[in-house]
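Listed below, chain by chain, are the residues.
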Amino acid sequence: MTIKVLVADDHAAVRAGIALILGGVPDIEVIGEAGDGEQAVAMAKQLRPDVVLMDVRMPRLDGISATRELAGISDVLILTTFDVDEYVFGALRAGAAGFLLKNTDAESLVEAVRLVARGDGLISPAVTRKLIAAFAGEVTPSRREPAAGPDSLTPREREVLACIGRGMSNAEIARELDMAEATTKTHVSRVLNKLGLKSRVQAAIYYSGGT
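Report follows, based on the coordinates. Note that residues are indexed from 1 along each chain, following the sequence as it is written. Totals for whole chains, interfaces and linings use every residue, but because this is a predicted model, local features are given only for residues with pLDDT of at least 70 and side-chain atom pairs only at 80 or more, for both listing and counting. Hydrogens and water are ignored here; the side-chain numbers use all heavy atoms of the structure.

1. Let's talk about unusual backbone geometry
Positive phi is not limited to glycine here, since Arg-60 has a value of about 65°. Helix numbering and strand numbering both begin at the N terminus, where a helix is a DSSP run of H or I of at least 4 residues and a strand a DSSP run of E of at least 2. Structurally, Arg-60 is set in the loop between strand E3 (51-55) and helix H3 (63-69). Its identity is not glycine, yet Asp-178 carries a phi of approximately 55°, on the positive side.

2. Regarding the pairing of strand E2 (residues 28-34)
DSSP bridges decide pairing: two strands pair if at least two such bridges lie between them. Of the pairings in the sheet, the one linking strand E1 (residues 3-8) to E2 comprises six bridges and is parallel in character. Bridging from a neighbouring strand, Ile-3 pairs with Ile-28 of E2. Place the viewer so that the strands point away; then a crossover is right-handed whenever the path from the first strand over the helix to the second strand goes clockwise. With respect to chirality, the unit in which E1 leads through helix H1 (residues 12-23) into the neighbouring parallel E2 is right-handed.

3. Observations regarding helix H10 (residues 181-195)
Expected span of a helix: the number of residues minus one, times 1.5 Å. If you check H10, its first and last C-alpha atoms are 21 Å apart, about what 15 residues at 1.5 Å a residue would give, namely 21 Å. Summary of the burial criterion: residues with accessible area below 20% of their type's maximum are buried, those above 50% are exposed, and those between are partly exposed, where the area comes from a 1.4 Å probe applied to protein chains only. For H10, the full list of buried residues reads Thr-184, His-187, Val-188, Val-191, Leu-192 and Leu-195. The arc that holds every buried residue of H10, seen down its axis, measures 135°, which confines them to one face. Of the exposed residues in H10, those oriented more than 90 degrees away from the buried face are Ala-182 and Asn-193. Against the buried residues of H10 lie helix H8 (155-165), helix H9 (170-177) and helix H11 (200-208). What the arc describes is the spread of directions from the helix axis to the C-beta atoms. When checking whether two residues touch, look at their non-hydrogen atoms; a contact exists if any pair is within 4.5 Å.

4. What about H11?
With seven of nine residues buried, H11 is to be regarded as a mostly interior element. Residues Arg-200, Val-201, Gln-202, Ala-203, Ala-204, Ile-205 and Tyr-206 constitute the buried set of H11.

5. Description of the pattern of salt bridges
Where charged atoms from two side chains of opposite charge come close, those side chains can pair. Any carboxyl oxygen of Asp or Glu that lies within 4 Å of a side-chain nitrogen of Lys or Arg is treated as forming a salt bridge with it. Inspection of the entire model under this criterion finds ten salt bridges. Residues Lys-102 and Asp-9 are paired through a salt bridge, measuring 2.9 Å at the closest nitrogen-oxygen approach. A residue pair is termed long-range when its members are at least 10 positions apart, and Lys-102 in the loop between strand E5 (98-101) and helix H5 (106-117) and Asp-9 in the loop between E1 and H1 qualify at 93 residues. For Lys-102, a relative accessible area of 30% puts it in the partly exposed group. Note on Asp-9: relative accessible area 2%, which makes it buried. Residues joined in a network through salt bridges with shared partners are Asp-9, Asp-55 and Lys-102.

6. Section: the packing of H8 against H9
To get an axis, fit a line to the C-alpha atoms, keeping to the stretch in contact for a helix; angles then go from 0 to 180 degrees between the N-to-C directions. Two elements in contact, H8 and H9, have axes separated by 10 Å at closest approach and are oriented at 130°. Considered as vectors, H8 and H9 are oriented oblique to each other. When the axes of H8 and H9 are compared, the crossing they make is right-handed. Residues Arg-156, Glu-159, Val-160, Cys-163 and Ile-164 of H8 pack against Ile-173, Glu-176 and Leu-177 of H9. Of the residues that constitute the contact of H8 with H9, the class distribution is five nonpolar, no polar and three charged. Oblique is the label for any angle not covered by the other classes, which are roughly parallel (under 35 degrees), roughly antiparallel (over 145) and roughly perpendicular (65 to 115). Left-handed is the label given to a crossing in which the near helix is rotated counterclockwise from the far helix by less than a right angle, and right-handed is the label when the rotation is clockwise. Charged residues are taken to be Asp, Glu, Lys and Arg, nonpolar residues to be Ala, Val, Leu, Ile, Met, Phe, Trp, Tyr, Cys and Pro, and polar residues to be all remaining types, Gly included.

Written as structure tokens, this is what we have:
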């Protein structure tokens, strides 16, 4: 199956570079390029890409707000030049599937797109520890309180949450817990819904925060 990708960045050279990298991969097709957040949202709603590569700082509508508007339409992978900052935190809270630094090599970028398209979350290895530490320090129990508490999870769902917290993909969880991958996806969706979370990245951070 071909993965359809929309590239959103206000720098034409960056868009062209990303499109060139992804365009040379057989299973990925760049179906559009957007120069700002408003255009990205409009194009995503029209073209329905599997993945949107989203810059954070863009004119008219920033990447965080655009990500929030794309919830349920396309998975968003943030590309940022910053290690850890408020923009990235906001994007993850808005439901981004993950983020990479813009200095990521071509091979890692391609693999990241594939991972997100499969429904897995991704955080650049260079900033994972700092990001989780920052979230754990920022999020107070009152702000972390989900729509339904962790006690609402079944034993199997708790096992799935623990696996997500360890950074495992759906395929890895399926092998670890001896389940079909389709069943794993169902359990992941239920965990997110019960905890009031928008992405598996948020679930991993939630778990790391001491739930």
